[in-house]
Amino acid sequence: MSLQAPEFFAELCLPFHDHAIVGNTYYAAPTPGAPLRMRIDFSRTIYADTYGGLRLAVVHPDRGEIDAVALSFLDHGTFHRRDEATNTRPNTKQYGTFDTYHRPGRPPWEGAVTTGLRDAIEQYTAVWFPGAWTASAPNCTAGRTAPTVPAVPVARSGARAR
């Protein structure tokens, strides 16, 4: 099943204009004209078809991978709200992860709050691509997935305001 990677990376609101998503991998050239590239993959867990975070790598076209870091969903609170709402227990397969099985019409990473991941990606790119984050115009303002909270019903009082 599809991880719906383009939609997930759109939720991250990464500001790099020069990027492409191939399969489930995000590739970007954060600094125009520089040889270094950034690659972001979903990192697998020990369970089949289950993903526990993102793996960011800095890649040079001639030297290959130069550096990499794993950003776990658990460490960055990506599924904290979802897991609390569904009473998912720590140290279970579903806690802080997502798998390829999901409700029809919904992404497998439904309930993800990507703010912590985005902040970590920004910090990492600041080291390898100084100024690239601020030099690129943001491609969205606030499209991060958050749980929908029902509106509080307005209670009408019996008294009239004059």
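Whatever comes next refers back to the structure up there.
Reading the values: rules and limits
Residues numbered from 1 in each chain as written. Predicted model: local features only at pLDDT ≥ 70, side-chain atom pairs only at ≥ 80, totals over all residues. Heavy atoms only, no water. Helix = DSSP H or I, 4+ residues; strand = E, 2+ residues; numbered from the N terminus. Buried < 20%, exposed > 50% of the residue type's maximum accessible area, 1.4 Å probe, protein only. Contact = heavy atoms within 4.5 Å. Areas by Shrake-Rupley, 256 points an atom, 1.4 Å probe, with all protein chains shown as cover. Pairing = 2+ DSSP bridges. Phe/Tyr/Trp six-rings, centres within 6.5 Å; stacked < 30°, edge-to-face > 60°. Salt bridge = Lys/Arg side-chain N within 4 Å of Asp/Glu carboxyl O. Core = buried A, V, L, I, M, F, W, Y, C linked by side-chain atoms within 4.5 Å.

**Section: the overall build of the chain**
Argument step 1. Assigned secondary structure in the chain consists of 4 helices and 6 strands.
Argument step 2. Along the chain, from the amino end to the carboxyl end, the secondary structure elements read α-β-β-β-β-β-α-β-α-α.
Argument step 3. Out of the 162 residues in the chain, the part that is buried amounts to 37%.
Argument step 4. Across the chain, contacts joining residues at least 24 apart in sequence account for 52% of those joining residues at least 6 apart.
Argument step 5. Approximately 10,000 Å² of the chain is accessible, and the part contributed by carbon and sulfur atoms is 53%.

**Considerations on the pairing of strand S3 (residues 37-44)**
Argument step 1. Pairing between strand S2 (residues 25-28) and S3: 3 bridges, direction antiparallel. If you follow Ala28 over to S3, its bridge partner there is Met38.
Argument step 2. Where S3 and strand S4 (residues 50-60) come together, 8 bridges link them in antiparallel fashion. When the bridges of S4 are listed, Arg44 appears paired with Tyr51.

**Considering the pairing of S4**
Argument step 1. Most of S4 sits out of view: 10 of its 11 residues are buried.
Argument step 2. Connecting S3 to the antiparallel partner S4 that follows it, the hairpin turn spans 5 residues, and Asp49 within it adopts a positive phi of roughly 55°.
Argument step 3. As paired strands, S4 and strand S6 (residues 98-99) are joined by 2 bridges and run antiparallel to one another. Across the sheet, the residue bridging to Thr50 is Asp99, located in S6.
Argument step 4. With 8 bridges connecting them, S4 and strand S5 (residues 64-72) associate as antiparallel partners. Opposite His60, over in S5, you have Gly64 as the bridge partner.
Argument step 5. Where S4 folds back onto S5 in an antiparallel hairpin, the turn is made up of 3 residues.

**Focus on the packing of aromatic side chains**
Argument step 1. Throughout the structure, instances matching the rule amount to 13 aromatic pairs.
Argument step 2. Judged by centre distance (5.3 Å) and plane angle (40°), the rings of Phe9 and Tyr26 are tilted. Here the residue Phe9 occupies a position in helix H1 (residues 5-12), and Tyr26 occupies one in strand S2, the gap between them amounting to 17 residues.
Argument step 3. Using a relative accessible area of 4% as the deciding quantity, one classes Phe9 as buried.
Argument step 4. An aromatic cluster is present here, built from Phe8, Phe9, Tyr26, Phe42, Tyr51, Phe73, Phe79, Phe98 and Trp109 joined pairwise through their rings.

**As for the pattern of salt bridges**
Argument step 1. A full pass over the atoms with the stated rule returns 4 salt bridges.
Argument step 2. Between Glu65 and Arg55 there is a salt bridge; the shortest N-O distance is 2.7 Å. You can see Glu65 sitting in strand S5 and its partner Arg55 sitting in strand S4, a full 10 residues away along the chain.
Argument step 3. Look at Glu65 and you get partly exposed, because its relative accessible area is 39%.
Argument step 4. Here the residues in one salt-bridge network are Arg39, Asp41, Arg55 and Glu65, joined through shared partners.

**Brief notes about the nonpolar core**
Argument step 1. Counting residues in each nonpolar core, the largest one holds 30 residues, and the members touching the most others are Phe8, Ile40, Phe42, Leu54 and Ile121.
Argument step 2. For Ile121, the residues in contact, after removing those within four places along its chain, are Leu12, Leu14, Ile40, Leu54, Leu56, Leu71 and Trp133.

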